[in-house]
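Fold and geometry: a report
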Amino acid sequence: MNSYFCFKDAREQSLISYLAPGMHNRYLSATLFLKGNIMDNSDGDPVKAGHLLFGTMPEIVVPKQVHGTRIILASPRITLPQRPEADGIFLSNTDLFISLRFADCFPVLISSSRPEPWALVLHSGYRGTMKNIVKEGISLVKRRYGNDCLNSAFSWVGPGIGSCCYTRKTVDPPTIEAGNRLPAECLFSTKDGLVSIDIGRAISMQLHENGLPMDRIKRIADCTSCKDSLYYSYRRNGTSCRMMLLVRLRTMYQNSPFWWENI
Ligand SMILES: [Zn+2]
């Protein structure tokens with residue numbers, strides 16, 4: 001147990017709650033639904049997942065993820081059934097839910113209560129990390145709140161595929177691109193002549209380069225491909241199932257009507 005995230009299990013559905021110390025927990029609700037009954041039955045479809053979780057769907061922003069760097073602002077104009085293309089969502093001043101889906105790519109969450117409660121969620125896999133969606137997202141927050149906005153922010157990275165399971169041939173163009181774009185400590189040669197890429201580490205370094213202090217970057221270092229019991233992994237078995245990150249800013253301190261916020 002640590003104070004920044006917590007694994008839970010209820011209704012045959014495992015999940016991770018991302019937790020921020022102090023005041024933050026009063027407003028941030030951030031849950032990653034892992035392998036389990038509800039995500040199995042949703043089969044990667046966020047609308048099915050929404051019906052299974054909520055019964056009646058609330059207003060929710062669910063972009064179509066395209067491994068790019070576009071970040072959208074959560075607003076009622078783009079809630080379901082709209083599916084704008086984007087790989088990041090910025091949330092503030094609204095009680096809308098926002099959601100992204102993952103199977104090996106990394107969830108990245110940044111949140112602060114200053115100057116007002118806000119959260120940024122990103123989908124950063126190989127391509128998102130090459131294109132540095134983290135920088136894109138942080139730039140958006142800085143444009144909005146100024147360069148000091150990360151002073152009281154927390155960030156979380158993962159779970160995603162580990163360097164143990166993300167290997168590519170040395171001569172593949174994506175390997176060469178990674179060699180050009182990522183710090184040297186994010187690439188290793190394996191004993192069978194492949195190159196292993198540590199995407200989680202690259203994302204953490206991007207967060208730090210763009211202003212997050214190291215002690216505010218919390219990694220969930222599990223590899224989604226290794227830990228079959230907890231996570232879906234596209235690379236392991238081509239699954240169509242996805243883990244779903246669901247975030248909202250709570251405006252009330254009363255008991256929540258949602259079971260995953262009460263366990
Ligand atoms: Zn692994």
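Residues numbered from 1 in each chain as written. Predicted model: local features only at pLDDT ≥ 70, side-chain atom pairs only at ≥ 80, totals over all residues. Heavy atoms only, no water.

**Side note on the overall build of the protein chain**
The criterion, for reference: In this description a helix means any DSSP run of H or I spanning at least four residues, a strand means any run of E spanning at least two, and both kinds are numbered starting from the N terminus. Taken over C-alpha atoms, the radius of gyration is set against a globule rule of 2.2 Å times the number of residues to the power 0.38. Relative accessibility under 20% of the residue-type maximum defines a buried residue, over 50% an exposed one, and the middle range a partly exposed one, all with a 1.4 Å probe and only protein chains included. Method for areas: the Shrake-Rupley scheme with a 1.4 Å probe, in which residue coverage is limited to the protein chains shown. Asp and Glu are treated as the negative residues and Lys and Arg as the positive ones, with His and the ends of the chain left uncounted. Think of each charge as sitting on NZ of Lys, CZ of Arg, CG of Asp or CD of Glu.
When its secondary structure is counted, the protein chain shows 7 helices and 15 strands. Against the compact-globule benchmark of 18 Å for 263 residues, the protein chain has a radius of gyration of 18 Å, which places it among compact chains. Along the first, second and third principal axes, the C-alpha set of the protein chain runs to 55 × 45 × 35 Å. Taking all 263 residues of the protein chain together, the buried fraction comes to 54%. Carbon together with sulfur atoms contributes 49% to the accessible area of the protein chain, which is approximately 11800 Å² in total. Taking the average place of the 31 positive charges on the side chains of the protein chain and the average place of its 23 negative ones, the gap between the two points comes to 2 Å.

**Focus: the packing of aromatic side chains**
Here is the rule we go by: Here a pair means two rings of Phe, Tyr or Trp (six-membered ring of Trp) with centres within 6.5 Å. Their orientation is stacked below 30 degrees between planes, edge-to-face above 60, and tilted elsewhere. The criterion is that NZ of a Lys, or CZ of an Arg, lies within 6 Å of the ring centre and within 35 degrees of the ring normal, and then a charge sits over that ring.
Inspection of every chain in the model, using the stated rule, returns 16 aromatic pairs. Arranged with centres 5.2 Å apart and planes meeting at 85°, the rings of phenylalanine 54 and tryptophan 260 form a pair that is edge-to-face. With phenylalanine 54 in helix H2 (residues 46-54) and tryptophan 260 in the segment after strand E15 (243-249), this residue pair connects regions lying 206 residues apart in the sequence. Centroid distance phenylalanine 90 to tyrosine 145: 6.2 Å. Interplanar angle 50°. Geometry classified as tilted. Of this pair, phenylalanine 90 sits in strand E6 (residues 88-92) while tyrosine 145 is found in helix H4 (residues 133-145), placing the two residues 55 residues apart along the sequence. Each member of the pair, phenylalanine 90 as well as tyrosine 145, carries the same accessibility label: buried. Site record: aromatic cluster; members linked through ring pairs are Phe33, Phe54, Phe97, Phe258, Trp259 and Trp260. Positioned above the aromatic ring of tyrosine 4, the side-chain terminus of lysine 218 is 4.2 Å from the ring centre.

**Remarks on the coordination of the zinc ion**
When a metal carries six donors in an octahedron, the ideal angles between them are 90 or 180 degrees, while four donors in a tetrahedron ideally lie at 109.5 degrees. We apply this condition: The rule for donors is simple: an N, O or S atom within 2.8 Å of the metal counts, and for Na, K and Ca the reach is 3.2 Å. Water is not among the atoms, so a site may look short of donors. Square planar and octahedral assignments, for four and six donors respectively, both demand that opposite donors be over 155 degrees apart and that all other angles lie between 65 and 115; tetrahedral needs four donors with all angles between 85 and 135 degrees, and anything else is irregular.
In this structure, Cys164 (SG), Cys165 (SG), Cys223 (SG) and Cys226 (SG) serve as the protein donors to the zinc ion, at separations of 2.2 to 2.3 Å. Of note is the zinc ion, whose 4 donor atoms meet at the metal with angles of 103 to 121° in an arrangement that counts as tetrahedral.

**Observations regarding the sheet that holds strand E7 (residues 97-102)**
Strand pairing within a sheet occurs via backbone hydrogen bonds; the two strands may be parallel or antiparallel. Convention followed: We call two strands paired when DSSP finds no fewer than two bridges between them.
The mixed open sheet is built from 6 strands, whose spatial order is E1-E2-E3-E15-E7-E4. At either end of the open sheet lies a strand with only one pairing partner, and these are strand E1 (5-10) and strand E4 (60-61). Pairing of strand E3 (residues 28-36) with E15, which is carried by 6 bridges, proceeds in the antiparallel orientation. Its bridge partner lying in E15, leucine 28 is registered against leucine 249.

**Brief notes about the nonpolar core**
As a reminder, the rule being used: Side-chain atoms within 4.5 Å link the members of a nonpolar core, which is a set of buried Ala, Val, Leu, Ile, Met, Phe, Trp, Tyr and Cys residues.
Grouped together as the largest cluster of nonpolar side chains are 53 residues, with contacts concentrated most on Tyr18, Leu28, Leu53, Leu246, Val247 and Trp260. Among the elements that make up this core, the one with the highest residue count is E15 (6 residues). Core analysis: the next-biggest nonpolar cluster, separate from the first, contains 34 residues, Leu140, Ala153, Ile161 and Ala178 among them.

**Section: the environment of aspartate 43**
Applied cut-off: Contacts between residues were defined by any pair of non-hydrogen atoms, one from each residue, lying within 4.5 Å.
Assignment of secondary structure puts aspartate 43 in the loop between helix H1 (37-42) and H2. Take aspartate 43: its relative accessible area is 37%, and that puts it in the partly exposed class. C-alpha separation for the pair aspartate 43 and arginine 70, spaced 27 residues apart in sequence, amounts to 25 Å. Not counting chain neighbours up to four residues away, the residues in contact with aspartate 43 comprise Lys48, Ser240 and Cys241.

**Some words on the pattern of salt bridges**
Here is the rule: For this document, the term salt bridge refers to a Lys or Arg side-chain nitrogen within 4 Å of an Asp or Glu carboxyl oxygen.
Counted by the stated rule, this structure contains 7 salt bridges. The closest approach of N and O atoms between aspartate 222 and lysine 227, which form a salt bridge, is 3.4 Å. Residue class for lysine 227 comes out partly exposed when judged on its relative accessible area of 36%. Through salt bridges with shared partners, a single network forms among Lys35, Asp228 and Arg236.

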